[in-house]
Amino acid sequence: MEQARRGNVDSFNLLVSRWERRVFNYLLRLVANREDALDLSQEVFLKAYQNLGKLEDASRFAPWLYRIAHNEAFSLLRRQRPGAEEGVEPPPATPGPRLLPVETALAVQAALARLSADQREAVVLKIYQGFKFEEMAEILGCPVSTVKSRVYTALDSLKETLAPVGSKL
Amino acid sequence: MNCSSADLKAYALAEMPEDERVETREHLGGCGNCRAELERLRLTQAALLSVRDEDIPRRIAFVSDKVFEPGWWQRLLQSGPRLGFASAAMLSLAILAHPFLTPPPATIPAPAAVDTARMEADISARISTVVVQAMAESEARQGKQARELVTAAEKRLDLERRGDMLAVQQSFEVLGKRMSVMLTASAGLGGAR
């Protein structure tokens with residue numbers, strides 16, 4: 001980390017290799033497009049490289065990196081859908097007796113798409129990325145209470161459609 | 001603990017302190033509704049996590065390029081503690097160097113005792129000189145103007161005198177011509193008789 005902060009490209013590439021998959025998947029779940037997620041990932045790591053000197057506490061690298069990713073993703077979402085943060089409404093999932101992996105994926109995708117962008121991001125950071133509420137507050141730039149509220153509201157909504165899906169896995 | 005105070009979401013998400021976790025677990029042991037609610041939350045999490053992360057389509061790697069590398073000044077500006085230390089060092093250096101670099105202040109002479117009588121005499125003498133000089137200049141100007149006026153008047157009188165003399169001369173010439181004509185005529189009359 002210290003060498004990367006001094007501008008050592010090889011050291012930074014090592015950091016990238018550790019984080020690129022997680023950052024890519026975080027962005028993919030927010031923007032729902034692989035090419036956009038890949039372009040954004042590259043932008044995120046370029047900005048991280050150029051601003052690594054601003055990071056005073058190396059232990060806060062993950063929230064700092066995700067904060068950049070969050071800003072990049074929402075900047076793209078605002079450009080693509082100015083004034084509308086909601087995802088595209090997919091067809092409602094109709095789970096059968098036993099779900100195939102692709103059906104489960106579609107049901108999850110549909111349930112996540114029904115959430116607001118803020119709630120969806122909160123779920124992605126909590127469930128998929130495993131951040132604590134305090135870290136999420138740092139990434140999202142809002143109070144812990146707001147983060148908690150977003151996660152809880154999203155879980156109440158997801159529970160209605162995904163608990164039956166989960167029982168058929 | 002009762003059902004309303006049991007934060008099952010925090011329990012399911014592992015966002016609960018250990019002591020509260022123990023209390024919640026005890027409550028769950030005796031409450032079927034909360035157990036069912038917790039089961040729904042866990043199934044929801046299981047459904048979400050069944051969708052695995054994807055592999056990144058292309059690996060991201062940077063090559064050493066001066067265009068993208070932060071410059072020395074960017075690194076310096078981005079480094080708050082280093083910048084603060086540099087500022088403090090420069091300030092200390094400036095404070096230490098200040099006595100050696102600043103020239104000694106110029107000595108200001110003490111004001112002499114004021115002699116008001118002498119000052120008044122000086123002022124009066126200066127005023128008198130200036131007044132005399134001004135009067136002399138004024139008289140000179142007036143004399144010059146008078147001489148110019150006299151000269152102009154003399155010139156005008158000379159011109160008038162010359163004009164008069166010319167007029168008299170012309171009158172004499174006319175008179176002479178008339179007399180000669182009369183003489184010629186009278187001579188002609190005497191010859192005819």
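Small disclaimer: the values here were computed from a predicted structure and weren't measured.

(A) Structural context of the overall build of chain B. Looking only at helices and strands, chain B features six helices and zero strands. The secondary structure elements of chain B, listed N-terminal to C-terminal, are α-α-α-α-α-α. Among the 193 residues that make up chain B, the fraction classed as buried is 16%. Taking the contacts inside chain B whose residues are at least 6 apart along the sequence as the reference set, 40% of them involve residues at least 24 apart. A total of about 15,600 Å² of accessible surface is found on chain B, and carbon and sulfur atoms cover 63% of it.

(B) Focus on the packing of aromatic side chains. Applying the stated criterion to the full structure yields nine aromatic pairs over all chains. Plain terms: the ring middles of A:Trp19 and A:Phe61 are 5.9 Å apart, the flat faces sit at 65° to each other, and that makes the pair edge-to-face. Taken together, the residues span a long stretch of sequence, with A:Trp19 in helix α2 (residues 9-31) and A:Phe61 in helix α4 (residues 61-80) at a distance of 42 residues. Taken together, a centroid distance of 6.1 Å and an interplanar angle of 25° make the contact between A:Tyr49 and B:Phe62 stacked. Of this pair, A:Tyr49 sits in helix α3 (residues 34-51) while B:Phe62 is found in the loop between α3 (32-49) and α4 (72-78), placing the two residues in two different chains. Pair check on accessibility: A:Tyr49 and B:Phe62 agree, each one buried. Ring pairs connect the aromatic residues A:Trp19, A:Tyr26, A:Phe61, A:Trp64, A:Tyr66 and A:Phe131, which therefore count as one cluster. Its end group placed over the ring of A:Phe131, A:Arg22 keeps NZ or CZ at 5.8 Å from the ring centre. Above the ring of B:Tyr11, the side-chain terminus of B:Arg21 is found at 4.3 Å from the ring centroid.

(C) Spatial organisation of the pattern of salt bridges. Applying the stated rule across the entire model yields 14 salt bridges over all chains. Of the charged contacts in the structure, one is a salt bridge between A:Arg29 and B:Asp53, with a shortest N-O distance of 2.7 Å. Note that A:Arg29 is positioned in helix α2 and B:Asp53 in the loop between α3 and α4, a pairing that runs across two chains. The exposure class of A:Arg29 is buried, given its relative accessible area of 14%. Here B:Asp158 ties to B:Arg162 by a salt bridge, and the two come within 3.5 Å at their closest N and O atoms. Of this pair, B:Asp158 and B:Arg162 both sit in helix α6 (residues 116-192), four residues apart, which is roughly one turn of that helix. Using a relative accessible area of 54% as the deciding quantity, one classes B:Arg162 as exposed.

(D) Examining the packing of α4(A) against helix α7 (residues 133-140) of chain A more closely. Residues and elements named next belong to chain A. Viewed as axis vectors pointing N to C, α4 and α7 meet at an angle of 45°, and their least axial separation amounts to 8 Å. It follows from the interaxial angle that α4 and α7 lie oblique. The chirality of how α4 crosses α7 is right-handed. Counting all contacts with α4, which are made through Pro63, Tyr66, Arg67 and His70, the residues of α7 involved are Glu135, Glu138, Ile139 and Leu140. Per-class residue counts for the contact of α4 with α7 are four nonpolar, one polar and three charged.

(E) View of the nonpolar core. Core analysis: the biggest nonpolar cluster contains 78 residues, and A:Phe12, A:Trp19, A:Val23, A:Leu27, A:Phe45, A:Val151 and B:Leu48 have the highest contact counts within it. The element contributing the most residues to this core is α2(A), with 12 residues.

(F) Just α3(B), in detail. Here α3(B) spans 26 Å end to end across 18 residues, near enough to the 26 Å set by a 1.5 Å rise per residue. Every buried residue of α3(B) is listed here: B:Cys34, B:Glu37, B:Leu38, B:Leu41, B:Leu43, B:Thr44, B:Gln45, B:Ala47 and B:Leu48. Against α5 (101-113), α6 (117-128) and α8 (144-167) of chain A together with α1 (8-12) and α2 (18-30) of chain B lie the buried residues of α3(B).

(G) Looking closely at the confidence of the model for chain B. Residue and element names in this part refer to chain B. Looking at chain B, the pLDDT average stands at 82 and 78% of residues meet or exceed 70. The least confident element of chain B is α4, whose mean pLDDT is 62; the most confident is α1, at 95. As scored by the predictor, the complex reaches a pTM of 0.60 and an ipTM of 0.83.

(H) Spotlight on the interface of chain A and chain B. With 51 residues of chain A at the contact, the number on the chain B side is 38 residues. With both sides pooled, the region where chain A packs onto chain B buries about 4,000 Å², and carbon together with sulfur makes up 61% of that total. Summed over the shared surface of chain A and chain B, the number is seven salt bridges. Across the salt bridge formed by A:Glu20 and B:Arg59, the nearest N and O atoms sit 2.1 Å from each other. Of all the secondary structure elements, the ones that give two or more residues to the side of chain A that touches chain B are α2, α3, α5, α6 and α8 of chain A. Broken down by element, the residue count for the side of chain A that touches chain B peaks at 12 residues, all from α8(A).

The rules behind these values
Residues numbered from 1 in each chain as written. Chains lettered and ligands numbered in written order. Predicted model: local features only at pLDDT ≥ 70, side-chain atom pairs only at ≥ 80, totals over all residues. Heavy atoms only, no water. Helix = DSSP H or I, 4+ residues; strand = E, 2+ residues; numbered from the N terminus. Buried < 20%, exposed > 50% of the residue type's maximum accessible area, 1.4 Å probe, protein only. Contact = heavy atoms within 4.5 Å. Areas by Shrake-Rupley, 256 points an atom, 1.4 Å probe, with all protein chains shown as cover. Phe/Tyr/Trp six-rings, centres within 6.5 Å; stacked < 30°, edge-to-face > 60°. Lys NZ or Arg CZ within 6 Å of the ring centre and 35° of its normal. Salt bridge = Lys/Arg side-chain N within 4 Å of Asp/Glu carboxyl O. Axes fitted to C-alpha atoms, helices over the stretch in contact; angles between N-to-C directions. Parallel < 35°, antiparallel > 145°, perpendicular 65-115°, else oblique. Left-handed = near helix turned anticlockwise from the far one by under 90°. Nonpolar A, V, L, I, M, F, W, Y, C, P; charged D, E, K, R; others polar. Core = buried A, V, L, I, M, F, W, Y, C linked by side-chain atoms within 4.5 Å. Expected span 1.5 Å × (residues − 1). pLDDT = per-residue confidence, 0-100. Buried area = accessible area lost by both parts, 1.4 Å probe.

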